[in-house]
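Below are the chains, spelled out letter by letter.
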Amino acid sequence: MSPIETIAELFAGQGMQAYLGEPVSLAQHMLQAAAQAEQEGAPDTLIAAALLHDLGHVLPDGATGDHHAERGADWLAQWFPESVTMPVRLHVEAKRYLCATEPWYLASLSRASSQSLLVQGGVMTSREVNAFKGLPYSQQALAVRRWDEAAKNPAASPPPFDHFRPLLERVLSSSL
Ligand code: FE
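What you see is a predicted model, and the numbers here were worked out from it, not measured in a lab.

Participant: Please set out the overall build of the protein chain residue by residue, giving values where relevant.
Facilitator: The helix and strand inventory of the protein chain stands at ten helices and zero strands. The helix and strand sequence of the protein chain, counted from the amino end, reads α-α-α-α-α-α-α-α-α-α. Relative to a compact globule of 176 residues, whose C-alpha radius of gyration would be 16 Å, the protein chain shows 15 Å and is just as compact. For the protein chain, the C-alpha atoms occupy an extent of roughly 45 × 35 × 35 Å along the three principal directions. The buried share of the protein chain, taken over its 176 residues, is 52%. Restricting the contact set of the protein chain to residue pairs at least 6 apart, pairs at least 24 apart contribute 68%. Put simply, the protein chain has 12 plus and 19 minus side-chain charges, and the middle of one group is 7 Å from the middle of the other.

Participant: Mind laying out the packing of helix 5 (residues 82–101) against helix 9 (residues 138–149), listing which residues take part and the relevant values?
Facilitator: Angle between the axes and distance between the axes are the two parameters that describe a pair of packed helices. Where helix 5 contacts helix 9, the axes come no closer than 7 Å and their chain directions differ by 75°. By the angle between their directions, the pair helix 5 and helix 9 is classed as roughly perpendicular. Two secondary-structure elements touch here, helix 5 through Pro 87, Leu 90, His 91, Ala 94, Lys 95, Tyr 97 and Leu 98 and helix 9 through Ser 138, Gln 140, Ala 141, Leu 142, Val 144, Arg 145, Arg 146 and Asp 148. Residues that form the contact of helix 5 with helix 9 fall into these classes: eight nonpolar, three polar and four charged.

Participant: If you had to explain helix 1 (residues 3–12) to someone new, which residues and values would you point to?
Facilitator: Three or more residues of helix 1 are buried, namely Pro 3, Ile 4, Ile 7, Ala 8, Leu 10 and Phe 11. Taken end-on, helix 1 shows its buried residues confined to a sector of 160°, consistent with a single buried face. Turned more than 90 degrees off the buried face of helix 1, the exposed positions are Glu 9 and Ala 12. Where helix 1 is buried, its residues contact helix 2 (26–39), helix 3 (44–52), helix 4 (68–76) and helix 10 (165–174).

Participant: Let's hear about the coordination of the iron ion: which residues, and what values?
Facilitator: Around the iron ion, the protein contributes the donor atoms His 29 (NE2), His 53 (NE2), Asp 54 (OD) and Asp 148 (OD), which lie 2.2 to 2.3 Å from the metal centre. Its four donor atoms give the iron ion angles of 79 to 168° at the centre, a pattern that matches the irregular case. In terms of primary sequence, the donors binding the iron ion are separated according to H-x23-H-D-x93-D. With His 53 in the loop between helix 3 and helix 4 and Asp 148 in helix 9, this pair connects stretches of sequence that are 95 residues apart. Take His 53: its relative accessible area is 0%, and that puts it in the buried class.

Participant: Tell me about the side chain of His 29, and please be specific about residues and values.
Facilitator: Along the chain, His 29 falls in helix 2. Of the residues examined, His 29 reaches a relative accessible area of 0% and is grouped as buried. Setting aside residues up to four positions removed in sequence, His 29 forms contacts with Tyr 19, Val 24, His 53, Asp 54, Asp 148, Ala 151 and Lys 152.

Parameters and conventions
- Residues numbered from 1 in each chain as written.
- Predicted model: local features only at pLDDT ≥ 70, side-chain atom pairs only at ≥ 80, totals over all residues.
- Heavy atoms only, no water.
- Helix = DSSP H or I, 4+ residues; strand = E, 2+ residues; numbered from the N terminus.
- Rg over C-alpha atoms; globule rule 2.2 N^0.38 Å.
- Buried < 20%, exposed > 50% of the residue type's maximum accessible area, 1.4 Å probe, protein only.
- Contact = heavy atoms within 4.5 Å.
- Lys, Arg positive; Asp, Glu negative; His and termini not counted.
- Charge placed at Lys NZ, Arg CZ, Asp CG, Glu CD.
- Axes fitted to C-alpha atoms, helices over the stretch in contact; angles between N-to-C directions.
- Parallel < 35°, antiparallel > 145°, perpendicular 65-115°, else oblique.
- Nonpolar A, V, L, I, M, F, W, Y, C, P; charged D, E, K, R; others polar.
- Arc of directions from axis to C-beta.
- Donors = N, O, S within 2.8 Å, 3.2 Å for Na, K, Ca; no water.
- Tetrahedral: all angles 85-135°; square planar, octahedral: opposite > 155°, others 65-115°.

See below:
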């Protein structure tokens, strides 16, 4: 099965029908994040990263939890380039970064997101902030993270998964 079919099945599956503590399903959440990226004219690889950023929560083998960023990125790296997998890998660190550098961002976190922040290591120290800035794809990870936090709107109606298939196909074929 192609990776896009596998991902489509994950989007349609049980694991995506809820999102612990948030008012939208995980599938809706990721579609909303991708729709925002698309509206802002982000490149295909970054729209793909927004679409797939929380896939680590629903992969079939192993537990979910607070290593979902790494798990998702490792799984996606079987097929996708670093321009997709690195923003996914860093999106939780990007949350810790934004909480340190933009006080309004910390205040804007959903309740579930501010609870998970503690488990994820809390607000970054200034040393961690400087180290993060130097990482490749840190700016792209920050972009994904902003769409992520804004993608929890129960009234939004993003396009369905199929809308993003051609984009995923383009990303996969250009990374061969
Ligand atoms: Fe998310």
